[in-house]
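Here is what each chain is made of, one letter per residue.
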Amino acid sequence: MLTQRDENNESDAMPMLKKPRYSSMSSQSTNITYQEHTISREERAAAVGKHEGFRGCTIWFTGLSGAGKTTISFALERTLNKLGIPSYGIDGDNIRHGLCNNLGFSKEDRQENIRRVAEVAKLFADSGNVCLAAFISPFQEDRLNARKIHEAANVKFIEVHVSTSLEVCEQRDPKQLYKKARAGQIPGFTGIDSAYEPPENADIILNAGEDGVQQCVQKVLDYLESVGLLPEQIAEVPSVRELFVNDELAVADLLKESQTLPFVELPKVDLQWLQVLAEGWATPLTGFMRERQYLQCMHFGQLLDLKQKVAFVGEKDDGKEDSWPLTEDINQSIPIVLPITEDIKNSLNGANRIALKYNGQVFAILSDPEIFEHRKDERVCRQFGTNDPRHPAVAQVLDSGDWLLGGDISVVQKIQFNDGLDKYRKTPNELRAIFAEKKADAVFAFQLRNPIHNGHALLMRDTREKLLAEHKNPILLLHPLGGWTKDDDVPLDVRIKQHEAVISERVLDPEWTVLSIFPSPMMYAGPTEVQWHARSRIAAGIQHYIVGRDPAGIQKPGSPDALYETSHGAKVLSMAPGLSALRILPFRVAAYDKTVKKMTFFDPKRKDDFENISGTKMRGLARNGETPPEGFMAPTAWEVLAGYYKSLQNAN
């Protein structure tokens, strides 16, 4: 579902009292917002002349206000530019800031507005650019005239209907214009009391009410390829960037070379981060972050490019940049870095290739290294919002090395832990293959680091039921976090056994549930970390993500209160950059309903009927050999959990 805002051309939806033909723009509307492009002039210049042949055309996006026209067209503009195809997006509001600032909103003025835009778009297209025009353009007659203007000049015109429903557009309504129109404050608003005439023969139809931005962009790209408007030599960008070396001879050469290289011995948590990188969960990173990507992550929460060096203002960088095309915003809210000590830094002695080992065994070679200062206090304050060492992940960072080692990595073997759980450690590509084998037409993910009770299962089953209204076979990715966690969390092996029991009892149906381990370490960084949890699963091909009640949360050290406001994770995900491919599904609170003796969704109107069985109470029941109320948890799953807590009591 399209989650980014689409404030394009609301003014085009609002006929107002007719003004004099040449009055100023400000007298026409106060709801015109200039839409900034997402690529710079320098980036546009880099796209010129990369490919032979003429591919100028106009792609005309039409649909209701809030449908997603500008969001999709600007995302497509960025993608085409990255592919070396010059393009330019024209937005309704932007046009009314200049070319059409003397037009009102009568039917005649709106016809003239569309005519002028069509003439300008034709000139852009005739010059060899792909012109992306995003206009409500509600009337079929005006759109047909725009097509005729292009056809008369033998310029290709592609009509795209962004067919988002009125219901979804009203739900978005970033400027409350639909609300005002419903209240009668904006008469003649398109879709409310002024007609929108859907195209009868659109070249492309985009369901932006269900599909993400990148899915819509890809559909347009597929059409452009089908009509010969994309260069043949453009390679498809893979969804996952694995960093494994797959050639056996190359692996042998690297292992032989490693014997003469300086090395870094990794702690287990950094081996887990190496696994995250190697398997492609952090696509498109080439390895542990260099300073440039680290700064982008810490200050912008995104990857903006894959250049190697940071240049001071006014200086040029060295020009080294990875060739992987960034065709969209990449959310990267947490740093993936390799801390090293002063002694290790000195031992590397300027080497340009370094072996990465764990327990003396070589797992990867790091190339083109960069060592930069690890400003730990600044990092934890930005990443966690606190530098209190009682926060376990903050303590981990503060205890780590004073330097960071970044560089490209070549991983020479799959990372396994031989703990009986490796069969569950599926890579993104392996998961994609499983989903394809199951013929999934939607995948929804649930991230967790705790045992599953029947309230969790209720939420997952309810989510699937809702998805069945739109899809034939939605598949659940049950994806417990498998990296480092704090000492008092339930260990991974116990959690997996408990999850297996839940599936075995068919509380979650094995036909539509895929249990797999997510290799990332836990950081307990609240809304900052929950973006990482969502973004990383995109690599596995998910489209829907269930956000928890207090995702990645933790208790404030020395206080019973939560460190992070519990609703902020969900709120942040709803507007985070680079996550437009995901539909964020809200968490619904379930509690034990004493009237029916099972977990149901909490009803505040009869709150006395519900019992909240906290983790503390659950642990107490287990230690005392007691069982929770019937219907709280699958019996065999409870046996696994009770056995674990009983063993802790015996050990103590």
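Calculation notes
Residues numbered from 1 in each chain as written. Predicted model: local features only at pLDDT ≥ 70, side-chain atom pairs only at ≥ 80, totals over all residues. Heavy atoms only, no water. UniProt positions renumbered as here; feature names shortened; annotations may be inferred. Helix = DSSP H or I, 4+ residues; strand = E, 2+ residues; numbered from the N terminus. Rg over C-alpha atoms; globule rule 2.2 N^0.38 Å. Buried < 20%, exposed > 50% of the residue type's maximum accessible area, 1.4 Å probe, protein only. Contact = heavy atoms within 4.5 Å. Areas by Shrake-Rupley, 256 points an atom, 1.4 Å probe, with all protein chains shown as cover. Lys, Arg positive; Asp, Glu negative; His and termini not counted. Charge placed at Lys NZ, Arg CZ, Asp CG, Glu CD. Expected span 1.5 Å × (residues − 1). Pairing = 2+ DSSP bridges. pLDDT = per-residue confidence, 0-100. Salt bridge = Lys/Arg side-chain N within 4 Å of Asp/Glu carboxyl O. Polar contact = N/O pair within 3.5 Å; in protein donor to acceptor, adjacent residues only side chain to side chain. Axes fitted to C-alpha atoms, helices over the stretch in contact; angles between N-to-C directions. Core = buried A, V, L, I, M, F, W, Y, C linked by side-chain atoms within 4.5 Å. Domains from an automatic or database assignment. Right-handed = clockwise from strand over helix to strand, strands pointing away.

An unreviewed UniProt entry lists the protein chain under the name APS kinase, with Caenorhabditis tropicalis as the source organism. One UniProt comment on the protein chain, placed under Pathway (unreviewed entry), says "Sulfur metabolism; sulfate assimilation."

Chemist: Lay out the overall build of the protein chain with the relevant residues and their values.
Modeler: On a plain count of helices and strands, the protein chain comes out with 21 helices and 21 strands. Against the 2.2 N^0.38 benchmark of 26 Å for 652 residues, the protein chain shows a C-alpha radius of gyration of 27 Å, consistent with a compact globule. Overall size of the protein chain, expressed as C-alpha extent along the three principal axes, is 85 × 70 × 45 Å. Evaluated residue by residue, the protein chain yields a buried proportion of 55% over its 652 residues. The contacts of the protein chain with a sequence gap of at least 6 include a subset with a gap of at least 24, amounting to 76%. A total accessible area of about 28,900 Å² is found for the protein chain, and carbon and sulfur atoms account for 48% of it. Positive and negative side-chain charges in the protein chain, numbering 77 and 89 respectively, have mean positions lying 3 Å apart.

Chemist: Kindly report on helix α4 (residues 107-126), identifying the contributing residues and their values.
Modeler: Counted at 1.5 Å a residue, the expected span for α4 with its 20 residues is 28 Å, and the 28 Å between its end C-alpha atoms agrees. At the C-terminal side of α4, Gly128 shows a positive phi close to 105°.

Chemist: Please give an account of the pairing of strand β19 (residues 590-593) that cites residues and values.
Modeler: Relative to strand β20 (residues 598-601), β19 runs antiparallel, the two being bridged by 4 bridges. Within β20, the position partnered with Ala590 by the bridge is Phe601. Between β19 and β20, which pair antiparallel in sequence order, lie 4 residues; one of them, Lys597, sits at a positive phi of approximately 55°. Pairing between β19 and strand β21 (residues 610-611): 2 bridges, direction antiparallel. Bridge pairing in β21 places Asp593 opposite Phe610.

Chemist: Run through the confidence of the model for the protein chain, naming residues and quoting values.
Modeler: For the protein chain, per-residue confidence averages 88 on the pLDDT scale, and residues scoring 70 or more make up 90% of the total. Predicted confidence is poor over residues 1-11, with pLDDT under 50, and the contacts of this stretch with residues over four places away or in other chains come to 64 contacts. Below a pLDDT of 50 lies the segment residues 14-30, which in the model reaches 39 contacts outside its immediate sequence neighbourhood of four places, other chains included.

Chemist: Now, about the pattern of salt bridges: what can you tell me, with residues and values included?
Modeler: One pass over the full model with this rule turns up 30 salt bridges. A salt bridge links Glu378 to Arg375; the nearest nitrogen and oxygen atoms lie 3.1 Å apart. The partly exposed category is assigned to Arg375, whose relative accessible area is 48%. Arg583 is paired through a salt bridge with Glu470; the nearest N and O atoms lie 2.8 Å apart. Here Arg583 is found in strand β18 (residues 583-585), whereas its partner Glu470 is found in the loop between α16 (454-467) and β15 (474-480), with 113 residues between them in sequence.

Chemist: Can you tell me about the side chain of Thr164, naming the residues and giving the values?
Modeler: Mapped onto the fold, Thr164 is located in the loop between β4 (156-162) and α6 (166-172). A relative accessible area of 4% places Thr164 in the buried class. From its side chain, Thr164 meets the backbone oxygen of Ala67 in a polar contact 2.7 Å long. Every residue in contact with Thr164, bar those within four places of it in the chain, is listed here: Leu64, Ala67, Cys169, Arg172, Leu206, Ala208 and Gly209.

Chemist: Report on the sheet that holds β15, specifying residues and quantitative values.
Modeler: Pairing is parallel in the open sheet, where 5 strands are placed in the order β16-β15-β14-β17-β18. The outermost strands of the open sheet, each flanked by one partner alone, are β16 (513-515) and β18. Pairwise comparison of adjacent strand axes, ignoring direction, gives a mean angle of 25° for this sheet. Bridge count between strand β14 (residues 442-448) and strand β17 (residues 544-546): 3 bridges; the pairing is parallel.

Chemist: Outline the environment of Glu210, listing residues and values.
Modeler: As for its placement among the helices and strands, Glu210 is situated in the loop between β5 (204-206) and α8 (213-226). The partly exposed category is assigned to Glu210, whose relative accessible area is 27%. Separated by 373 residues in sequence, Glu210 and Arg583 place their C-alpha atoms 8.0 Å apart. Side-chain polar atoms of Glu210 contact the side chain of Arg583, separated by 3.1 Å.

Chemist: Explain the nonpolar core to me, and be specific about the residues and the numbers.
Modeler: In terms of nonpolar packing, the biggest core is built from 120 residues, with Leu274, Phe288, Ile336, Leu356, Leu478, Leu508 and Trp532 touching the most fellow members. Counting residues per element, this core draws most heavily on helix α10 (residues 268-279), at 7 residues. When residues of this core are assigned to domains, at least three map to each of domain 2 (248-312 + 320-411) and domain 3 (422-651). Apart from the residues within four sequence positions on either side, Leu478 is in contact with Phe446, Leu448, Ile452, Met460, His499, Ile503, Leu508, Thr513, Val514, Leu515 and Ser516.

Chemist: For the pairing of β15, give the residues involved together with the corresponding values.
Modeler: For β15, the buried fraction is high: 7 of the 7 residues fall into the buried class. The alternating pattern of β15 places Pro474, Leu476, Leu478 and Pro480 and Ile475, Leu477 and His479 on opposite faces, both of which are buried. Looking at chain direction, β14 and β15 are connected through 7 bridges and run parallel. Across the sheet, Ala442 pairs through a bridge with Pro474, a residue of β15. Since β14 and β15 lie parallel, the crossover through α16 that links them has a hand, and here it is right-handed. Note: β15 against β16, 3 bridges, orientation parallel. Of the residues in β16, the one forming a bridge with Leu476 is Thr513. Where the polypeptide runs from β15 across helix α17 (residues 492-504) and back to β16, its parallel neighbour, the crossover connection is right-handed.

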